[in-house]
Amino acid sequence: MNVPQRILLQTTLALAVALVALAPAGEARAESVGPAASEEMPIRVIQRRPNLRTGRFEVTAMGGGGLADTMFNHAAVTGSGRYHIDEFWSLAGGYSHHFGQTSPLFDEVTDRFELFPERSIVEWSAGLDVGWTPVFGKFALVESYIMHFDMTLLLGGAAVVTSRSPDPKFGASVGLSTRLYLSPWLALTGEVRDQVYVENYNAGDELVNHVLAQAGFSIFFPFEYAYRYPR
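Reference entry: report on the structure contained in this document. Just so we're clear, the structure is a prediction, and the values are computed from it rather than from any experiment.

**Brief notes about the packing of aromatic side chains**
Then comes step 1: In the structure shown here, the tally under the stated rule is seven aromatic pairs.
Then comes step 2: Ring centres of phenylalanine 88 and phenylalanine 136 lie 6.1 Å apart, and the angle between their planes is 55°; this geometry places the pair in the tilted category. Of this pair, phenylalanine 88 sits in the loop between strand E2 (72–84) and strand E3 (89–102) while phenylalanine 136 sits in strand E4 (residues 122–141), and the two are 48 residues apart along the sequence.
Then comes step 3: According to the relative accessible area criterion, phenylalanine 88 is partly exposed, its value standing at 37%.
Then comes step 4: Considering the side-chain rings of phenylalanine 221 and phenylalanine 223, the 5.3 Å spacing of their centres and the 35° angle between planes classify their relative orientation as tilted.
Then comes step 5: Judged by relative accessible area, which is 43%, phenylalanine 223 ranks as partly exposed.
Then comes step 6: Chaining the aromatic ring pairs together yields one cluster made of Trp185, Phe221 and Phe223.

Written as structure tokens, this is what we have:
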């Protein structure tokens, strides 16, 4: 064997020995780094939504009063039913019975100025609407109890009967409602709704905004529901 061949053989043997010696150290470093890296990785916890609406029927009872009319005071009790198509869209129908009377401003105008405004007191109203729920979330109450809520936009039609005529006046209805869930089947409910219709006065037709603010509670049926998990 000549000198160049001997040098090549010695170099090859030295590299093989070096690779064998370094392999365990590399595995040891990988084992020591692996657990530390895994401990630093964040853990994401996905919480199930505690209140599902899809396929459930909601019965609501509320009471409140009018906001827009200064000449008359209106109080109302309302009952409605709402079917939730999915978590965002729903269909509802409702009925409101009104209790109205003249306000102190009406009495002042008639007494001091001897003017007699035309009366239009709402007696009852009913309507259908479509609901869209784009907002839902939660917040901590007294740092120990988590409350869940949602907000729904309402758009539909309404029929309103006033003291001026027994015939219903048809118009539009727009509103905003919110729920504060106390349990999977019970929620506190608040709503502001504007019923827009045309009233027939002696002086001519006039567009009326009948705004109601109400609060009450909602019950969801069925009381229980099942989660579906992706496979």
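**Considering the environment of histidine 210**
Then comes step 1: Looking at where histidine 210 falls in the secondary structure, it is placed in strand E8 (residues 204–221).
Then comes step 2: For the pair histidine 210 and alanine 68, spaced 142 residues apart in sequence, the C-alpha separation works out to 6.3 Å.
Then comes step 3: Filtering out sequence-adjacent residues up to four positions away, histidine 210 remains in contact with His74, His98, Val122, Arg193, Asp194, Gln195 and Tyr197.

**Side note on the sheet that holds strand E6 (residues 165–183)**
Backbone hydrogen bonds are what pair the strands of a sheet, in a parallel or an antiparallel way.
Then comes step 1: The eight strands are arranged E1-E2-E3-E4-E5-E6-E7-E8 in a closed barrel whose pairing can be described as antiparallel. Direction aside, neighbouring strands of the sheet carry axes that sit 25° apart on average.
Then comes step 2: As paired elements, E6 and strand E7 (residues 186–201) share 11 bridges and run antiparallel to each other. Bridge pairing in E7 places threonine 178 opposite glycine 190.

**A word on the layout of surface pockets**
Then comes step 1: One number sums up the size of the second largest pocket: a volume of about 290 Å³.
Then comes step 2: Along its surface, the second largest pocket is lined by 19 residues, and Asp69, Phe72, Ser120, Tyr201 and Val208 are the ones closest to its centre.
Then comes step 3: The biggest single contributor to the lining of the second largest pocket is E8, with six residues.
Then comes step 4: For the lining of the second largest pocket, the class distribution of residues is 11 nonpolar, five polar and three charged.

**Observations regarding the pairing of E2**
Then comes step 1: The pairing of strand E1 (residues 57–66) with E2 spans nine bridges and is classified as antiparallel. Paired with threonine 60 across the bridge in E2 is serine 80.
Then comes step 2: Taken together, E1 and the strand that follows it, E2, pair antiparallel across an intervening segment of five residues.
Then comes step 3: Both E2 and E3 contribute to a ladder of 13 bridges, which runs antiparallel. Across the sheet, glycine 79 pairs through a bridge with tyrosine 95, a residue of E3.
Then comes step 4: Where E2 hands over to E3, the hairpin turn is made up of four residues, counted between the paired strands.

**Looking at the pairing of E4**
Then comes step 1: Here E3 pairs with E4 via nine bridges, running antiparallel. Bridging from a neighbouring strand, glycine 94 pairs with glycine 127 of E4.
Then comes step 2: The pairing of E4 with strand E5 (residues 145–162) spans 17 bridges and is classified as antiparallel. For serine 125, the partnering residue across the bridge sits in E5 and is valine 160.
Then comes step 3: Between the antiparallel neighbours E4 and E5 lie three residues, among them valine 142 with a positive phi of about 50°.

Definitions and limits used
- Residues numbered from 1 in each chain as written.
- Predicted model: local features only at pLDDT ≥ 70, side-chain atom pairs only at ≥ 80, totals over all residues.
- Heavy atoms only, no water.
- Phe/Tyr/Trp six-rings, centres within 6.5 Å; stacked < 30°, edge-to-face > 60°.
- Helix = DSSP H or I, 4+ residues; strand = E, 2+ residues; numbered from the N terminus.
- Buried < 20%, exposed > 50% of the residue type's maximum accessible area, 1.4 Å probe, protein only.
- Contact = heavy atoms within 4.5 Å.
- Pairing = 2+ DSSP bridges.
- Axes fitted to C-alpha atoms, helices over the stretch in contact; angles between N-to-C directions.
- 1 Å grid on protein atoms, 1.4 Å probe; cavity = no way out; pocket = protein on both sides within 12 Å on 5 of 7 lines; lining within 4 Å.
- Points joined across faces, edges and corners; volume = space filled by probe spheres on them.
- Nonpolar A, V, L, I, M, F, W, Y, C, P; charged D, E, K, R; others polar.

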